[in-house]
Amino acid sequence: MAAELHVELVAADRSVWSGEATLVVARTTSGDIGVMPGHQPLLGVLESGPVTIRTSDGSTVIAAVHGGFISFADDKLSLLAEIAELADEIDVQRAERALERAKSDTDGAAERRADVRLRAVAVH
């Protein structure tokens with residue numbers, strides 16, 4: 001069994017993060033899933049939520065992911081997201097304003113996106 005897996009986190013408009021990891025935790029339509037080296041092959045649908053990547057050097061990368069797919073085989077994990085952004089890239093004040101605006105407009109989808117962004121920053 002390999003000690004690490006290669007991870008590619010890609011959004012529709014860019015490559016967000018790529019590297020070696022020991023664990024990735026993501027939310028799928030079937031629930032939260034943790035993928036480690038040697039995991040059984042899988043293909044799933046990503047739900048909006050934070051993705052946690054434990055890198056091979058011991059650091060942690062957190063990203064807010066909004067929909068997409070997860071695929072794992074041969075110690076290669078692909079997270080193909082509609083929208084994804086690293087917690088370091090998120091402007092907290094802007095996300096808080098977006099959340100308040102979405103609540104006042106009763107825009108459930110926008111509210112979920114803003115909430116996921118804030119949760120990703122909080123975990124980070």
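Residue numbers run consecutively from 1 along every chain, following the written order of its sequence. Local features are withheld for residues below a pLDDT of 70 in this predicted model, meaning they are given only at 70 or higher, and side-chain atom pairs are given and counted only at 80 or more; totals for whole chains, interfaces and linings count all residues. Only hydrogens and water are removed before side-chain values are computed, so all heavy atoms of the structure are retained for them.

- Per an unreviewed UniProt entry, the chain goes by the name ATP synthase epsilon chain and belongs to Streptomyces laculatispora.
- UniProt positions are given in the numbering used here, feature names are shortened, and annotations may be inferred rather than shown by experiment. Of the comments in the UniProt record for the chain, the one headed Sequence similarities (unreviewed entry) reads "Belongs to the ATPase epsilon chain family."
- Its UniProt record gives the chain a comment under Function (unreviewed entry), which states: "Produces ATP from ADP in the presence of a proton gradient across the membrane."

### Re the overall build of the chain
Stage number 1. Within the chain, the regular secondary structure consists of two helices and seven strands.
Stage number 2. Every helix listed is a DSSP run of H or I at least four residues long, and every strand listed is a run of E at least two residues long, numbered separately from the N terminus. Written out in order from the N terminus, the α and β elements of the chain read β-β-β-β-β-β-β-α-α.
Stage number 3. In summary, the chain has a C-alpha radius of gyration of 15 Å against a globular reference of 14 Å for 124 residues, a match within 12%.
Stage number 4. Across its three principal axes, the chain shows a C-alpha extent of roughly 50 × 25 × 25 Å.
Stage number 5. Relative accessible area decides the class of each residue, using a 1.4 Å probe on protein chains only: under 20% of the type maximum gives buried, over 50% gives exposed, and in between gives partly exposed. Here the chain holds 124 residues, and 40% of them are scored as buried.
Stage number 6. Residues are treated as being in contact if the distance between any of their heavy atoms lies within 4.5 Å. Counting only contacts in the chain whose residues sit at least 6 apart along the sequence, the fraction spanning at least 24 positions is 53%.
Stage number 7. Only the protein chains shown count as covering a residue, and every accessible area follows the Shrake-Rupley method with a 1.4 Å probe. When the accessible area of the chain is evaluated, it comes to approximately 6,700 Å², of which 50% is carbon and sulfur surface. Note that the radius of gyration is over C-alpha atoms, with the globule rule given as 2.2 Å times the number of residues to the power 0.38.

### Some thoughts on the UniProt feature "domain: ATP synthase F1 complex delta/epsilon subunit N-terminal" (unreviewed entry) in the chain
Stage number 1. Under the UniProt annotation, the feature "domain: ATP synthase F1 complex delta/epsilon subunit N-terminal" (unreviewed entry) is placed at residues 5-83.
Stage number 2. Secondary structure across residues 5-83 comprises 0% helix and 77% strand; the distance between its end C-alpha atoms is 23 Å.

### Some remarks on the environment of threonine 106
Stage number 1. Checked against the element boundaries, threonine 106 lands in the loop between α1 (92-104) and α2 (108-123).
Stage number 2. Each C-alpha atom, one on threonine 106 and one on isoleucine 53, is 32 Å from the other, the two residues being 53 residues apart in sequence.

### Details of a nonpolar patch on the surface
Stage number 1. Excluding any residue in a salt bridge, patches collect residues exceeding 30% relative accessible area, merging like charges within 9 Å and nonpolar Val, Leu, Ile, Met, Phe, Trp and Tyr side chains within 5 Å. Salt bridges, as used here, are contacts in which a Lys or Arg side-chain nitrogen is within 4 Å of a carboxyl oxygen on Asp or Glu. On the surface, a nonpolar cluster with roughly 400 Å² of combined accessible area is contributed by Leu43, Val45, Phe69 and Leu80.
Stage number 2. Looking at the secondary structure, you find leucine 80 in strand β7 (residues 76-86).

### Structural notes on the pattern of salt bridges
Stage number 1. On inspection of all chains with the given rule, the structure shows four salt bridges.
Stage number 2. Note that aspartate 32 and arginine 27 form a salt bridge whose closest N and O atoms lie 2.7 Å from each other.
Stage number 3. For arginine 27, a relative accessible area of 32% puts it in the partly exposed group.
Stage number 4. For the salt bridge of glutamate 85 with arginine 117, the shortest nitrogen-to-oxygen distance reads 2.6 Å. In this pair, glutamate 85 sits in strand β7 while arginine 117 sits in helix α2, placing the two residues 32 residues apart along the sequence.
Stage number 5. Classification of glutamate 85 by relative accessible area gives buried; the value is 15%.

### Examining α1
Stage number 1. The terminal C-alpha atoms of α1 lie 18 Å apart, and with 13 residues this matches the ideal 18 Å at 1.5 Å per residue to within 8%.
Stage number 2. The N-cap of α1, judged by a side-chain oxygen 3.1 Å from the amide nitrogen of glutamine 93 a few residues on, is aspartate 91. For a helix, the expected span equals 1.5 Å multiplied by the residue count minus one. As used in this structure description, the phrase polar contact means that two N or O atoms lie within 3.5 Å; if the pair is within protein, one of them must be able to donate a hydrogen and the other to accept it, and residues adjacent in sequence are counted only when both atoms belong to side chains.

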